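So you can see what is in the structure, the chains are spelled out below.
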Amino acid sequence: MDNSASLDQDQNHCSAINNSISLMQGSLPTLTLSGKIRVTVTFFLLLLSTTFNASFLLKLKKLTQKKEKGRKVSRMKVLLKHLTLANLLETLIVMPLDGMWNITVQWYAGEFLCKVLSYLKLFSMYAPAFIMVVISLDRSLAITRPLAVQSSIKLEQSMIGLAWILSIVFAGPQLYIFRMIYLVDGSGQTEVFSQCVTHCSFPQWWHQAFYNFFTFSCLFIIPLLIMLICNTRIIFTLTRVLHQDPHKLQLSRSKNNIPRARLRTLKMTVAFATSFIVCWTPYYVLGIWYWFDPQMLNKVSDPVNHFFFLFAFLNPCFDPLIYGYFSQ
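The structure displayed is predicted, hence computed values, not measured ones.

Thresholds, definitions, all that
Residues numbered from 1 in each chain as written. Predicted model: local features only at pLDDT ≥ 70, side-chain atom pairs only at ≥ 80, totals over all residues. Heavy atoms only, no water. Helix = DSSP H or I, 4+ residues; strand = E, 2+ residues; numbered from the N terminus. Buried < 20%, exposed > 50% of the residue type's maximum accessible area, 1.4 Å probe, protein only. Contact = heavy atoms within 4.5 Å. Arc of directions from axis to C-beta. Disulfide = S-S within 2.5 Å. UniProt positions renumbered as here; feature names shortened; annotations may be inferred. Phe/Tyr/Trp six-rings, centres within 6.5 Å; stacked < 30°, edge-to-face > 60°. Lys NZ or Arg CZ within 6 Å of the ring centre and 35° of its normal. Axes fitted to C-alpha atoms, helices over the stretch in contact; angles between N-to-C directions. Parallel < 35°, antiparallel > 145°, perpendicular 65-115°, else oblique. Left-handed = near helix turned anticlockwise from the far one by under 90°. Nonpolar A, V, L, I, M, F, W, Y, C, P; charged D, E, K, R; others polar. Polar contact = N/O pair within 3.5 Å; in protein donor to acceptor, adjacent residues only side chain to side chain. pLDDT = per-residue confidence, 0-100. Salt bridge = Lys/Arg side-chain N within 4 Å of Asp/Glu carboxyl O.

*Asks:* Please explain the overall build of the protein chain as it appears in this structure.
*Replies:* Regarding its fold elements, the protein chain presents 12 helices and 2 strands. Taken from N to C terminus, the helices and strands of the protein chain fall in the order α-α-α-α-α-α-α-β-β-α-α-α-α-α. For the protein chain, with 328 residues in total, the buried portion stands at 41%. Considering only residue pairs separated by 6 or more positions, the protein chain has 80% of its internal contacts joining residues 24 or more positions apart.

This is the structure in structure tokens:
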């Protein structure tokens, strides 16, 4: 079968789906009790996360503005400022979008906002994941190659810049694949439902499967692997050095030996990574299950689906608390 024939077949399949959906008005989604609970919890977490991250961002801003005598702002504070900014973007974009969409069930904002908000949603999810990768890489280099890191300030700036640029670029396809569909009643005259979806945006089914896998890998699998490798290297290096000579952990030319401060930074980095993994793993596990078995929606109850999705929203709430705990 040539490509044009295959494309025609896919388009006919999409047309058939549109025609069949118009006959199933009774099965159109509605706001259920579990959905109402999800909306309530979502807006509570929105308030909580906004308060925590905005307060933490202001605190970091004040700390970076205080010029200590003969000392520069620490690398970790710069990284934490970008992580908090990314968490705040995720909070202010993903949470209200999810809450309002669950209230309205269908999409009323038109095709332009369908594309733009879908783009911003994925962008704000990429950013904290990539910044977490930068933090893990930076802390790993600070422990394993401290002199090289100290002599290269541009390395940190380049990694942070790359994280934001990749977030912007990788979210780009959302502007193309998301579109509006309108479902009509049996007469074909009256619109009864509108939704913002990726319906029939891919010429072949495997194109969508590849895009989903790429997104899943960049959002979770690759950051997870990098964080695991970096934290393993940090723990291994610290263990080996501490058994030989604790003074080798001195990472500055001052007379003060600061292993405890460096260890506290390490523990904080591991805590950030653990929070990311614990909060997002259930969400992505359900996503993988759905790709391989779309009928899983009938096997897993709505409350369970809502719970795992809300669990991911805890991640931006936890990060300021983790910093507050380890900075005492």
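*Asks:* I'm lost on helix H11 (residues 302–312) in this one. Help?
*Replies:* Residues spaced three or four apart along an α-helix point in a common direction, a consequence of the helix completing one turn every 3.6 residues. Three or more residues of H11 are buried, namely Asn 305, His 306, Phe 309, Leu 310 and Ala 312. All buried residues of H11 fall inside an arc of 145° around its axis, so they share one side.

*Asks:* I keep staring at the state of the cysteines and nothing clicks. Help me out?
*Replies:* Note on terminology: a disulfide is the covalent bond linking the sulfur atoms of two cysteines. Tallying each qualifying case throughout the model produces 1 disulfide. Paired by a disulfide, Cys 114 and Cys 196 hold their sulfur atoms 2.0 Å apart. One quick way to see it: the torsion about the S-S bond of Cys 114 and Cys 196 is about 80°, and its sign makes the bridge right-handed. Of this pair, Cys 114 sits in helix H4 (residues 110–144) while Cys 196 sits in strand S2 (residues 191–197), and the two are 82 residues apart along the sequence. Judged by relative accessible area, Cys 114 falls into the buried class, the value being 0%. No disulfide involves Cys 279; its sulfur sits 8.7 Å from that of Cys 317, the nearest cysteine. Accessibility expressed as a relative area gives 2% for Cys 317, which makes it buried.

*Asks:* Is there a simple way to think about the UniProt feature "transmembrane region" (unreviewed entry) in the protein chain in this case?
*Replies:* Following the UniProt record, the feature "transmembrane region" (unreviewed entry) maps to residues 37–58, 78–97, 117–137, 158–178, 209–230, 270–292 and 304–326 here. Helix makes up 100% of residues 78–97 and strand 0%. Its end C-alpha atoms lie 29 Å apart. Within residues 270–292, the helical portion is 100% and the strand portion 0%, while the C-alpha atoms at the span's ends are 32 Å from each other.

*Asks:* Would you mind going over the packing of aromatic side chains with me for this structure?
*Replies:* Each aromatic ring pair is described using two quantities: the centre-to-centre distance and the angle formed by the ring planes. Applying the stated criterion across every chain yields a total of 21 aromatic pairs. When the ring of Phe 123 is compared with that of Trp 164, the centres are 6.2 Å apart and the planes differ by 45°; the resulting orientation is tilted. Remark: Trp 164 occurs in helix H6 (residues 153–170) and Phe 123 occurs in helix H4; sequence separation between them is 41 residues. With respect to burial, Phe 123 and Trp 164 carry one shared label: buried. A ring pair is formed by Phe 307 and Phe 308, whose centres lie 5.7 Å apart and whose planes are at 55°; its orientation type is tilted. A residue is classified by how much of its surface remains accessible, and Phe 307, at 48% relative accessible area, is partly exposed. Taking relative accessible area as the criterion, Phe 308 reaches 25% and is therefore assigned partly exposed. Pairwise contacts between aromatic rings join Phe 216, Phe 220, Phe 276, Trp 280, Tyr 283, Tyr 284, Phe 309 and Phe 313 into one cluster. One residue, Arg 38, lies across the ring of Phe 309, its end atom 4.1 Å from the ring centre.

*Asks:* Is there a simple way to think about the packing of helix H3 (residues 75–104) against H4 in this case?
*Replies:* Relative to each other, H3 and H4 sit at 155°, their axes nearing to 9 Å. By the angle between their axes, H3 is roughly antiparallel relative to H4. Crossing hand, H3 versus H4: left-handed. For the contact of H3 with H4, a count of residues per class yields 18 nonpolar, 3 polar and 5 charged.

*Asks:* Would you mind showing me how to read the side chain of Glu 90 here?
*Replies:* If you trace the backbone, Glu 90 turns up in helix H3. Residues within four places of Glu 90 in sequence aside, it is in contact with Met 95, Ser 124, Met 125, Pro 128, Trp 280 and Pro 316.

*Asks:* Would you explain the side chain of Asn 87 in this entry?
*Replies:* One can find Asn 87 in helix H3. Reaching out from Asn 87, the side chain makes a polar contact with the side chain of Asp 319 at a distance of 2.9 Å. Those residues in contact with Asn 87, other than ones at most four positions away along the chain, are Asn 53, Pro 128, Pro 316 and Asp 319.

*Asks:* In this structure, what is going on with the environment of Ser 275? I would like to understand it.
*Replies:* Mapping Ser 275 onto the fold places it in helix H9 (residues 259–292). Residue classification places Ser 275 among the buried residues on the basis of a relative accessible area of 7%. Sequence separation between Ser 275 and Ile 322 is 47 residues; the distance between their C-alpha atoms is 9.0 Å.

*Asks:* Whenever I open this one, the confidence of the model for the protein chain confuses me. Can you help?
*Replies:* In regions of low pLDDT, the predicted coordinates are not meant to be interpreted in detail. Here the protein chain shows a mean pLDDT of 80. Residues at 70 or above account for 77%. Within the protein chain, no element has a lower average pLDDT than helix H1 (residues 3–21), which sits at 42, and none a higher one than helix H7 (residues 174–177), at 94. Low confidence marks residues 1–13, where pLDDT is under 50. Its contacts with residues over four positions away, or in another chain, come to 6 contacts. Across residues 15–25, confidence stays below pLDDT 50; counting only partners more than four residues off in sequence or on other chains, it has 10 contacts.

*Asks:* Any chance you could explain the pattern of salt bridges here in plain terms?
*Replies:* Here the idea is simple: oppositely charged side chains can pair when their charged atoms come close. Summed over all chains, the structure comprises 2 salt bridges. One salt bridge in this structure joins Arg 38 and Asp 98, with 2.6 Å as the shortest N-O distance. With Arg 38 in helix H2 (residues 33–65) and Asp 98 in helix H3, the pair connects residues that are 60 residues apart, well separated along the chain. Here Arg 38 matches Asp 98 in class, with each residue buried. Notably, a salt bridge pairs Asp 138 with Arg 139, separated by 2.5 Å at the nearest N-O pair. Given a relative accessible area of 1%, Asp 138 falls into the buried group.

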